[in-house]
Amino acid sequence: MSVLTKEEERKIPVTVLSGYLGAGKTTILNHVLNNREGLKVAVIVNDLSEVNIDAELVRDGGGLSRTDEKLVEMSNGCICCTLRDDLLQEVERLAREKRFDYILIESTGIGEPLPVAQTFTYVDEEQGIDLSQLTRLDCMVTVVDAYHFWQDFNTRETLRDRNQDAGEGDTRGVVHLLTDQVEFCDVLIINKCDMVSEDELEKLETALRGLQPRARIIRTSHGIVDPKDILNTHLFDFEEASRSAGWIQELQKDHHTPETEEYGISSFVYLRKIPFHPERLLRWLGSWPKEVVRSKGIMWVATRNSMAISFSQAGVSRQLSPAGLWVAALTAEEKRLYFGSEHDFPKSPDWDDEWGDRVTKLVMIGVGLDREKITRSLDEALLTEAEMRSNWRLFNDPLPKFQ
Ligand SMILES: Nc1nc2c(ncn2[C@@H]2O[C@H](COP(=O)(O)OP(=O)(O)OP(=O)(O)O)[C@@H](O)[C@H]2O)c(=O)[nH]1
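Not measured: the values here are computed from a predicted model. Per-chain numbering applies: the sequence of each chain, read as written, is numbered from 1 onward. Since the coordinates come from a predicted model, pLDDT governs what is reported: local features require at least 70, and pairs of side-chain atoms require 80 or more to be given and counted, while whole-chain, interface and lining totals use all residues.

**Focus: the UniProt feature "domain: CobW C-terminal" (unreviewed entry) in the chain**
In plain terms, the rule: UniProt positions are given in the numbering used here, feature names are shortened, and annotations may be inferred rather than shown by experiment. Think of it this way: any DSSP run of H or I at least four residues long counts as a helix, any run of E at least two long counts as a strand, and we number them from the N terminus.
With numbering aligned to this structure, UniProt lists the feature "domain: CobW C-terminal" (unreviewed entry) at residues 265-382. For residues 265-382, the helix share is 22%, the strand share is 35%, and the end-to-end C-alpha distance is 27 Å.

Below you can see the structure in the form of structure tokens.
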């Protein structure tokens, strides 16, 4: 929590509610509006469809004063992408009116919190709007549905499969959206607690703590949250929020603590400077250890010796994608082009004389992880000493081809 200057205090605070479809955002919003203790609130409700049902629900259930307060509907798009410019303008207008004490925003269920937060922290050169001069992003809240979470987290379905996509080109998987929402927030509300047992709640909270170690976790039923927990919290800090995901925290730890037993979660970094054999790696990915809830990092695969491969797993979903060329794979001319010098380019602390920056670095987060077993099985997918000396191009590579 930061201490605010007088100037910061004059800016209008903003809270953003995110969370997958049906998690309970509108229910929470209405509860908070009904218990706002005299605050004059402007509400922005974003809905992907043309008919803004949530706005209707807030109009009917939020008890906003028609004269002093305001409900702005932003429909037919998502404030994190297609309606981002409209959000900028709308918030600027509301802030300049100077008649509200607070702005509360309900994002669409398929919205990602990070781009919304960026809208408040970066100057928009094109429109000449700098929201950070007028507003103070106070709190990013993510709402999770305790009853449906595992079902959504363990599905391979995309938003498109569920007819919930934001349009052409939206190929996001449901679990990756959920993960993005959980990994970027200050307060995590586990709602619909009335629908699950205490045991299930413990398990869910433990896993969420692994994905998001920094956020305050609050359990609610029917959205009954103390407004103080999400209004004027002074919790938001862009840098901290950007680094708050469990996998980033684990990567940034100076000294590794193997078992973070506080919440029954453990995490570790698998680090090797030997490449994977593509066939054995694929086999390993196919027999994924169930207890790993989240994993992320980069991989060095022998048959793709110039290209780092980015890896992201959440629930049952696993994605491999190109992460760019290894610096060590660049020609002298490319190094001059990118870094201005053939010899003077950034070298990681664990730069290897023979292999340069090539490395596999994977963060594993899970509940009841058997670190030794996972490490041993991953090691079996690395090249053997004999394979290291052979021609790597001859290995069969069944991994997905990238464009
Ligand atoms: N049993 C139970 N039902 C809840 C709870 N919170 C919300 N609901 C119900 O869940 C449904 C969805 O709640 P909303 O508040 O509309 O969820 P939302 O996140 O705003 O949904 P979208 O706007 O579609 O993304 C509604 O029928 C609510 O009445 C809860 O804690 N327990």
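**Digging into the pairing of strand β5 (residues 135-145)**
Put simply, the rule reads: Residue burial here comes from a neighbour count, namely the number of other C-beta atoms, placed from the backbone, that lie within 10 Å of the residue's own C-beta, with 20 or more meaning buried, 12 or fewer meaning exposed, and in between meaning partly exposed. A pair of strands is labelled paired if DSSP reports no fewer than 2 bridges between them.
Across the eleven residues of β5, eleven count as buried, placing the element largely inside the fold. Note: strand β1 (residues 12-19) against β5, eight bridges, orientation parallel. When the bridges of β5 are listed, Ile 12 appears paired with Thr 135. In the sheet, β5 pairs with strand β6 (residues 187-191) via five bridges, with the strands oriented parallel. By the bridge assignment for β6, Val 143 is matched with Ile 189.

**Comments concerning the sheet that holds strand β4 (residues 102-106)**
As a reminder of what qualifies: Axes here refer to lines fitted to C-alpha atoms; in helices the fit is confined to the stretch in contact. Angles between the N-to-C directions go from 0 to 180 degrees. We call two residues in contact when the distance between their C-beta atoms, placed using the backbone, is within 7 Å.
Sheet architecture is open: seven strands sit in the order β3-β2-β4-β1-β5-β6-β7, paired in parallel fashion. Because the sheet does not close on itself, it has two edges, and the strands there are β3 (70-75) and β7 (216-219). Adjacent strand axes in the sheet meet at a mean angle of 20° when their direction is disregarded. As paired strands, β1 and β4 are joined by four bridges and run parallel to one another. Bridge pairing links Val 16 to Ile 105 in β4. Contacts between helix α5 (residues 113-121) and the sheet are confined to β1 and β5, with β5 contributing the most and set at about 170° to the helix. Against the sheet, helix α8 (residues 198-211) makes contact with β5, β6 and β7, and its axis sits at roughly 160° relative to β7, the strand it touches most.

**Some details on unusual backbone geometry**
At Glu 37, a residue that is not glycine, the phi angle is positive and equals roughly 50°. By secondary structure assignment, the location of Glu 37 is in the loop between α2 (25-34) and β2 (41-47). At Lys 192, a residue that is not glycine, the phi angle is positive and equals roughly 65°. Locating Lys 192 in the fold gives a position in the loop between β6 and α8. With 23 C-beta atoms counted inside 10 Å, the residue Lys 192 sits in the buried group.

**A word on the environment of Lys 70**
Within the secondary structure, Lys 70 is located in strand β3. Here Lys 70 falls in the partly exposed class, since 18 other C-beta atoms lie within 10 Å of it. Note: C-alpha distance between Lys 70 and Val 41 (29 residues apart in sequence) is 7.0 Å.

**Observations regarding the site of the ligand**
Convention followed: Using a C-beta atom placed from the backbone for every residue, we mark a residue as near a molecule or strand if that atom lies within 6 Å of it. Each residue receives one of three labels: charged for Asp, Glu, Lys and Arg, nonpolar for Ala, Val, Leu, Ile, Met, Phe, Trp, Tyr, Cys and Pro, and polar for the others, Gly being one of them.
Gly 24, Lys 25, Thr 26, Thr 27 and Gly 109 are the nearest of the 17 residues found near the ligand. Top contributing element to the shell around the ligand by residue count: α2, with three residues. Of the residues assigned to the shell around the ligand, the class counts are three nonpolar, ten polar and four charged.

**Here's the deal with the nonpolar core**
Rule in force here: Joining buried Ala, Val, Leu, Ile, Met, Phe, Trp, Tyr and Cys residues through C-beta atoms within 7 Å gives a set, and that set is a nonpolar core. Note: domain ranges come from an automatic or database domain assignment.
Ranked by internal contacts, the top residues of the largest apolar core, which has 92 residues, are Ile 103, Met 140, Val 141, Val 144, Val 187, Leu 188 and Ile 189. For this core, the element with the highest residue contribution is β5, accounting for six residues. Counting contributing residues, this core receives three or more from each of domain 1 (6-244) and domain 2 (249-394). Residue contacts for Ile 189: discarding those within four places in its chain leaves Ile 28, Val 141, Val 143, Val 144, Ile 218, Thr 220 and Val 225.

**Focus: the confidence of the model for the chain**
Stated formally: Residue-level confidence of the predictor is summarised by pLDDT, bounded by 0 at the bottom and 100 at the top.
Here the chain shows a mean pLDDT of 89. Residues at 70 or above account for 95%. For this predicted complex, the interface score ipTM comes out at 0.99, while the overall pTM is 0.85.

**Description of the environment of Tyr 338**
Here Tyr 338 is to be found in helix α12 (residues 332-339). According to the C-beta neighbour criterion, Tyr 338 is partly exposed, with 13 such atoms within 10 Å. The spacing of Tyr 338 and Val 327 is eleven residues in sequence and 9.8 Å in space, taken between C-alpha atoms.

**What to know about the domain arrangement of the chain**
Interface size, as often reported, equals the accessible area lost upon joining of the parts. Here the domain parsing of the chain yields domain 1 (6-244) and domain 2 (249-394). When each unit is reduced to the centre of its C-alpha atoms, the spacing between domain 1 and domain 2 is 34 Å. Contact with domain 1, which involves 14 residues of that partner, is made by 15 residues of domain 2. At the level of secondary structure, the elements contributing two or more residues to the side of domain 1 that touches domain 2 comprise α7 (174-183) and α8. Considering every element that reaches the side of domain 1 that touches domain 2, the biggest residue donor is α8, with five residues. Here the residues of the side of domain 1 that touches domain 2 sort into five nonpolar, six polar and three charged.

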